[in-house]
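# What the coordinates show
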Amino acid sequence: MGKVWFVGAGPGDPELITVKGRDLIARAGAILYAGSLVSEVATRFAPAGCEIADSKEMTLEQISAWLIGKAQAHDTVVRLQTGDPTLYGTLIELVQPLDIAGIEVGVVPGVSSAMASAAAAVESLTLPEVTQTVIFTRLQGRTPMPPGESLEELARHRCTLCLFLSITLLHKVKEALLAAGWRDDSPVLVVHKASWPGEEKIVRGTLADIRDKCRAEKIASQAMIIVSPALGARRWPELKKSKLYDVAFTHRFRKGMKTATR
Ligand code: SAH
């Protein structure tokens, strides 16, 4: 019996898969990938003769059956998921039937689209004395939000919010953030197809105008929304610097000096 690996394919750029993920693909007997986002990754690194299939039109049961069937024929079976497999995927739903079938499972992390979107726009999701917390969330779609996790409640923390699966709900993002006390000129970043060679779009706006700007760019899917008090910090004239690099700060690798130079 083979092992089934859930591999994070990264956000789109085939070079953003981990070395471990790429090595597993290179020796996979069978690969099941999730839609167009990761097809390029699968085909680029797969060995000759590898069975490659798209799960786009399969139900969860069919996906499980496929993985179990292939694990009976190959040592290494790869389930490729976009970004990181632990975020908004179907990891646990797919692991449970494999556990029942007695098939070994491994998970290889991937670069989430939240990270790729911040990188694309040269933004830091945390900034000293501005925000030290990041919330990964989404607006309620067909999947209901658990109690206490409405965007309005989460937005009251005033930290960085990375909103997955919500680009068609920008009006609700605005409503929830205004209700939580954010100003309507708060900066908002939208990144469409982060890291995709030649297809990435970066849109900057405010709570008031981001929806119109995204409409003008025809962005209606595959987009990350980031709202954060740290957005745009690259151009701020005054920054609170990280203590780690401060001349007066002592840590394990360096002794701080009493007289700071500024
Ligand atoms: N596991 C994935 C998320 C899957 S949910 C991850 O870690 O990134 C799908 C949502 O992820 C999309 O609705 C969109 O919000 C976001 N997404 C996925 N790929 C993206 C990309 N390349 N650029 C921007 N957002 C992306």
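What counts, and where the lines are drawn
- Residues numbered from 1 in each chain as written.
- Predicted model: local features only at pLDDT ≥ 70, side-chain atom pairs only at ≥ 80, totals over all residues.
- Heavy atoms only, no water.
- Patch = residues over 30% accessible without salt bridge, like charges linked within 9 Å, V, L, I, M, F, W, Y side chains within 5 Å.
- Areas by Shrake-Rupley, 256 points an atom, 1.4 Å probe, with all protein chains shown as cover.
- Salt bridge = Lys/Arg side-chain N within 4 Å of Asp/Glu carboxyl O.
- Helix = DSSP H or I, 4+ residues; strand = E, 2+ residues; numbered from the N terminus.
- Buried < 20%, exposed > 50% of the residue type's maximum accessible area, 1.4 Å probe, protein only.
- Pairing = 2+ DSSP bridges.
- Axes fitted to C-alpha atoms, helices over the stretch in contact; angles between N-to-C directions.
- Core = buried A, V, L, I, M, F, W, Y, C linked by side-chain atoms within 4.5 Å.
- Contact = heavy atoms within 4.5 Å.
- Near = heavy atom within 4 Å.
- Polar contact = N/O pair within 3.5 Å; in protein donor to acceptor, adjacent residues only side chain to side chain.
- Nonpolar A, V, L, I, M, F, W, Y, C, P; charged D, E, K, R; others polar.
- 1 Å grid on protein atoms, 1.4 Å probe; cavity = no way out; pocket = protein on both sides within 12 Å on 5 of 7 lines; lining within 4 Å.
- Points joined across faces, edges and corners; volume = space filled by probe spheres on them.
- Phe/Tyr/Trp six-rings, centres within 6.5 Å; stacked < 30°, edge-to-face > 60°.
- Domains from an automatic or database assignment.
- Buried area = accessible area lost by both parts, 1.4 Å probe.
- Expected span 1.5 Å × (residues − 1).

Let's shift gears to a nonpolar patch on the surface. The grouping of Y88, M115, F136 and L165 at the surface amounts to a nonpolar patch, some 370 Å² of accessible area in total. Along the polypeptide, F136 turns up in strand β6 (residues 134-138). The partly exposed category is assigned to F136, whose relative accessible area is 30%.

By way of backbone hydrogen bonds, the strands of a sheet pair with one another, either parallel or antiparallel. Overall, parallel pairing links the five strands, which are arranged β3-β2-β4-β1-β5 in an open sheet. Edge positions in the open sheet fall to β3 (51-54) and β5 (104-108), since each of these has one partner strand only. On average, each strand axis in the sheet is inclined to that of its neighbour by 20 degrees, with strand direction left out of account.

With 26 residues, the main nonpolar core has L177 and I225 as its most contacted residues. Broken down by secondary-structure element, the contributors of at least two residues to this core are α6 (151-155), β7 (160-164), α7 (170-179), β8 (187-192), α8 (210-216) and β10 (223-227). Apart from residues lying up to four places away in sequence, I225 is in contact with L161, C162, L163, S166, I167, L170, V173, V188, L189 and V190. Membership of the second largest hydrophobic core comes to 18 residues, among which are A28, V41, L80 and V108.

Moving on: unusual backbone geometry. Positive phi is not limited to glycine here, since Y88 has a value of about 50 degrees. When you line up the elements, Y88 lands in the loop between β4 (76-81) and α4 (91-100). We note that R158 has phi near 60 degrees; this positive angle belongs to a residue other than glycine. Note that R158 resides in the loop between α6 and β7.

Turning next to the site of the ligand. Residues in close proximity to the ligand total 18 residues, the closest being P11, L87, S113, A194 and A223. At 2.8 Å from a nitrogen atom of the ligand is found a main-chain nitrogen or oxygen belonging to P11. Side-chain polar atom of S113 to an oxygen atom of the ligand: 2.7 Å apart, as the coordinates give it. Broken down by secondary-structure element, the contributors of at least two residues to the shell around the ligand are α5 (113-120) and β10. Within the shell around the ligand, the residues separate by chemical class into ten nonpolar, six polar and two charged.

A few words now on the layout of surface pockets. Empty space within the second largest pocket amounts to approximately 150 Å³. As for the second largest pocket, its lining consists of R158, G181, W182, R183, S186, P187, S228, P229 and L231. For the lining of the second largest pocket, the residue count by class is four nonpolar, three polar and two charged.

For the structure shown, the criterion picks out two aromatic pairs. With a centroid separation of 4.8 Å and 40 degrees between ring planes, the pair formed by Y88 and F164 is classed as tilted. In this pair, Y88 sits in the loop between β4 and α4 while F164 sits in strand β7, placing the two residues 76 residues apart along the sequence. Judged by relative accessible area, which is 38%, Y88 ranks as partly exposed. Judged by relative accessible area, F164 falls into the buried class, the value being 8%.

Moving on, we come to the domain arrangement of the protein. When its domains are assigned, the protein resolves into domain 1 (3-108) and domain 2 (113-235). Spacing between the C-alpha centres of domain 1 and domain 2 amounts to 29 Å. In this complex, domain 1 contributes eight residues to the contact, which on the side of domain 2 involves twelve residues. Where domain 1 abuts domain 2, roughly 790 Å² becomes buried across the two surfaces, and 72% of that area is made up of carbon and sulfur atoms.

Attention shifts here to the sheet that holds β6. Across the sheet, five strands lie side by side as β6-β7-β10-β8-β9; this open sheet has mixed pairing. Bordering the open sheet on either side are β6 and β9 (201-206), each of which pairs with just one other strand. The average undirected angle you get between the axes of adjacent strands in this sheet is 20 degrees. Direction of pairing for β8 relative to β10: antiparallel, over a ladder of five bridges. Bridging from a neighbouring strand, V190 pairs with I225 of β10. Sitting on the sheet, α5 touches β6, β7, β8, β9 and β10, and the angle it makes with β10 is about 70 degrees.

Bringing helix α3 (residues 60-71) into the picture now. With twelve residues, α3 ought to run about 16 Å at 1.5 Å a step, and its terminal C-alpha atoms sit 17 Å apart, in line with that. Residues of α3 that are buried include every one of I63, S64, W66, L67, I68, K70 and A71, and no others. For α3, the elements touching its buried residues are β1 (3-8), β2 (30-33), β3, β4 and α4.

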